[in-house]
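Residues per chain are reported as follows:
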Amino acid sequence: MARIVMKFGGTSMAGIERIRNVARQVKREWAKGEQVAVVVSAMSGETDRLVNFCREASPLYDTKEYDVVVAAGEQVTSGLLAIALQAIGVPARSWLGWQLPIRTSDAHASARIATIDTQALNASLAAGEVAVIPGFQGQTEDGRVTTLGRGGSDTSAVAVAAAMKADRCDIYTDVDGVYTTDPRIVPRARKIPKITYEEMLELASVGAKVLQTRSVGLAMKEKVRVQVLSSFGDPDAEPTPGTFVVGEDEIGEDQVEQQLITGIAYDRGEAKITLVAVPDRPGAVASIFNPLAEASINVDMIVQNVAHGTGSTDVTFTVPGAELARSLDVLEKARETIGYEKLVPDTEVCKISVVGVGMRSHAGVAATMFEALAARGINIQAITTSEIKVSVLIHQDYTELAVRVLHTAYGLDAEDAA
């Protein structure tokens, strides 16, 4: 008897018929005698609808009340799936975040899971029940509802899998695995059978929408085997194998180094902010980024121009597009302390990234990227690198061209694709 966590995303839960389809897939695993916990997202589009209500009420909304509103979507789908399972003869019950409980930090709208009490969950599974758990939500020590950030149901699923010591965590989504890039842009993209935690972490952090970044980081830390597969096949048949996210030891060192680049990701959800004429003095940069950190706003790419004796410099960086309004508000309030001349926001940008563990043992990866983009007249606005990643910021109009060019430049095109 294995213990598995099955997680279903918003498109899988988009309406009663799809929820019934999910119920049949869960029954398939339960009928094998497996102990099954299911983590669900809100219906597709529901979280956006609830978020928009918050924004309409106030652009600078209280994140504590925001969490109360947006957590409602997963509560609905968990109850509906439990009903659908019961209707086809599967004993099931829903467990809200406060009922287990799932304890989190108090960073509302981006809380982190601290502990999950599995005593009641284990008893439910041992009794043969399917446990249906709403993703994305938890509870602080003082009883306030929290949410984990967009895509947080993936993190919920991995955390539940780690807490209940599951054999694997299956993430069912609208794609049948992780591809070398978005197959909607590059039809010759290939499905990757196995990918390392580290590579998946980088791809998720730079725009790949298959898994949430924090879920991959948690899986790597807790050594949870994660499988990404499609929820849209025959619900009564064994699913087509997807992509396993595992440690390098399971893939093999030789295979890891053989592939130079594993995948290419893009992110249109970035916004660029330039602070013009920042005083060129010690502590100036800290005065910019400390207030942003205190507001829990993540900063990615950072470029500081050379002052050249003018006594001032321009500082450019990127933030999530959804955080642009808050970022500008924070920086406006700190204007006197920072001493900049003006703020220049830009939302017409896109981050393109190439990722691969093979970079560690191969030179020239960045040069190939820069040459390929230059050959197509694509200007690079900013660059950032890590041991297994190179990212560039470009104008959003060149996104698809850049992805196609780089996919070919690194030899990732499938030979047998149409």
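Read on for an overview of the structure. (Residues numbered from 1 in each chain as written. Predicted model: local features only at pLDDT ≥ 70, side-chain atom pairs only at ≥ 80, totals over all residues. Heavy atoms only, no water.)

**Points about the overall build of the protein**
Here is step 1 of the chain: Looking only at helices and strands, the protein has 15 helices and 20 strands in total.
Here is step 2 of the chain: Expected size for 418 residues packed as a compact globule is a radius of gyration near 22 Å; at 23 Å, the protein falls within 12% of this value.
Here is step 3 of the chain: Its C-alpha atoms give the protein principal-axis dimensions of roughly 75 × 55 × 35 Å.
Here is step 4 of the chain: Long-range contacts, defined as pairs at least 24 residues apart, comprise 75% of the intrachain contacts of the protein with a sequence gap of at least 6.
Here is step 5 of the chain: Summed over all atoms, the accessible surface of the protein reaches about 18,600 Å², with 50% contributed by carbon and sulfur.
Here is step 6 of the chain: When the 40 basic and 54 acidic side-chain charges of the protein are each reduced to a single mean position, those positions are 3 Å apart. (Helix = DSSP H or I, 4+ residues; strand = E, 2+ residues; numbered from the N terminus. Rg over C-alpha atoms; globule rule 2.2 N^0.38 Å. Contact = heavy atoms within 4.5 Å. Areas by Shrake-Rupley, 256 points an atom, 1.4 Å probe, with all protein chains shown as cover. Lys, Arg positive; Asp, Glu negative; His and termini not counted. Charge placed at Lys NZ, Arg CZ, Asp CG, Glu CD.)

**Thoughts on the environment of alanine 208**
Here is step 1 of the chain: Along the chain, alanine 208 turns up in the loop between α7 (197-205) and α8 (213-222).
Here is step 2 of the chain: Separated by 56 residues in the primary sequence, alanine 208 and isoleucine 264 place their C-alpha atoms 8.4 Å from one another.
Here is step 3 of the chain: Ignoring sequence-local partners within four residues, the contact set of alanine 208 consists of Leu203 and Ala265.

**Looking at α8**
Here is step 1 of the chain: Taken together, the buried positions of α8 are Arg214, Ser215, Val216 and Ala219.
Here is step 2 of the chain: Each element contacted by the buried residues of α8 is listed here: α6 (152-163), α7 and β11 (226-230).
Here is step 3 of the chain: Looking one or two residues beyond α8, the residue adopting positive phi is lysine 223, at roughly 55°. (Buried < 20%, exposed > 50% of the residue type's maximum accessible area, 1.4 Å probe, protein only.)

**Some details on the packing of aromatic side chains**
Here is step 1 of the chain: This structure, assessed with the given rule, holds three aromatic pairs.
Here is step 2 of the chain: Ring centres of phenylalanine 8 and tyrosine 172 lie 4.7 Å apart, and the angle between their planes is 15°; this geometry places the pair in the stacked category. Of this pair, phenylalanine 8 sits in strand β1 (residues 3-8) while tyrosine 172 sits in strand β9 (residues 168-173), and the two are 164 residues apart along the sequence. An identical accessibility class is assigned to phenylalanine 8 and tyrosine 172; each is buried.
Here is step 3 of the chain: Ring geometry for phenylalanine 289 against phenylalanine 317: centres 5.0 Å apart, planes inclined by 70°, an arrangement best described as edge-to-face. A residue pair is termed long-range when its members are at least 10 positions apart, and phenylalanine 289 in helix α11 (residues 284-294) and phenylalanine 317 in strand β16 (residues 312-320) qualify at 28 residues.
Here is step 4 of the chain: Taking the relative accessible area as the measure of exposure, phenylalanine 289 reaches 15% and is therefore buried.
Here is step 5 of the chain: What makes phenylalanine 317 buried here is its relative accessible area of 1%.
Here is step 6 of the chain: The ring of tryptophan 95 has arginine 93 sitting right over it, with the charged end atom 3.5 Å from the ring centre. (Phe/Tyr/Trp six-rings, centres within 6.5 Å; stacked < 30°, edge-to-face > 60°. Lys NZ or Arg CZ within 6 Å of the ring centre and 35° of its normal.)

**Observations regarding the sheet that holds β16**
Here is step 1 of the chain: Across the sheet, which stays open at both edges, the four strands sit in the order β15-β16-β14-β17 with antiparallel pairing between neighbours. Looking at which strands have only one partner, the edges of the open sheet turn out to be β15 (302-304) and β17 (342-346). For this sheet, the mean angle separating the axes of adjacent strands, direction not counted, is 15°.
Here is step 2 of the chain: Direction of pairing for strand β14 (residues 270-279) relative to β16: antiparallel, over a ladder of eight bridges. Bridging from a neighbouring strand, isoleucine 273 pairs with phenylalanine 317 of β16.
Here is step 3 of the chain: Of the strands in this sheet, β14, β15 and β16 are in contact with α11, which crosses β16 at around 20°.
Here is step 4 of the chain: Where helix α12 (residues 324-333) meets the sheet, its contacts fall on β14, β16 and β17, and the angle it forms with β14 comes to roughly 15°. (Pairing = 2+ DSSP bridges. Axes fitted to C-alpha atoms, helices over the stretch in contact; angles between N-to-C directions.)

**A look at the sheet that holds β1**
Here is step 1 of the chain: Read across the open sheet, the eight strands follow the order β3-β6-β2-β1-β9-β11-β12-β10; overall the sheet is mixed. If you trace the sheet from one side to the other, it starts and ends with β3 (92-94) and β10 (194-196), each paired once. Taken pair by pair, the neighbouring strands of this sheet meet at an average axis angle of 20°, ignoring direction.
Here is step 2 of the chain: In this fold α7 packs onto β10 and β12 (243-246), with an angle of close to 80° to the strand it touches most, β10.

**Details of the pairing of strand β13 (residues 263-267)**
For a regular strand, the rule is simple: side chains alternate between the two faces of the sheet.
Here is step 1 of the chain: Of all five residues in β13, five are buried; the element is thus mostly enclosed.
Here is step 2 of the chain: With five bridges connecting them, β13 and strand β18 (residues 349-355) associate as antiparallel partners. Across the sheet, isoleucine 264 pairs through a bridge with valine 354, a residue of β18.

**Quick look at the nonpolar core**
Here is step 1 of the chain: Core analysis: the biggest nonpolar cluster contains 40 residues, and Val5, Val160, Cys169, Met200, Leu211 and Val226 have the highest contact counts within it.
Here is step 2 of the chain: Contributing elements (two or more residues each) for this core: β2 (35-40), α5 (119-126), β6 (130-134), α6, β9, α7, α8 and β11.
Here is step 3 of the chain: Residue contributions to this core peak at five residues, all from α6.
Here is step 4 of the chain: Once you skip the residues sitting within four places of it in the chain, valine 5 turns out to touch Ala37, Val39, Ala157, Val160, Ala161, Met164, Ala166, Arg168, Cys169 and Asp170.
Here is step 5 of the chain: By size, the runner-up hydrophobic cluster in this structure holds 23 residues, among which are Ile378, Val392, Ile394 and Val405. (Core = buried A, V, L, I, M, F, W, Y, C linked by side-chain atoms within 4.5 Å.)

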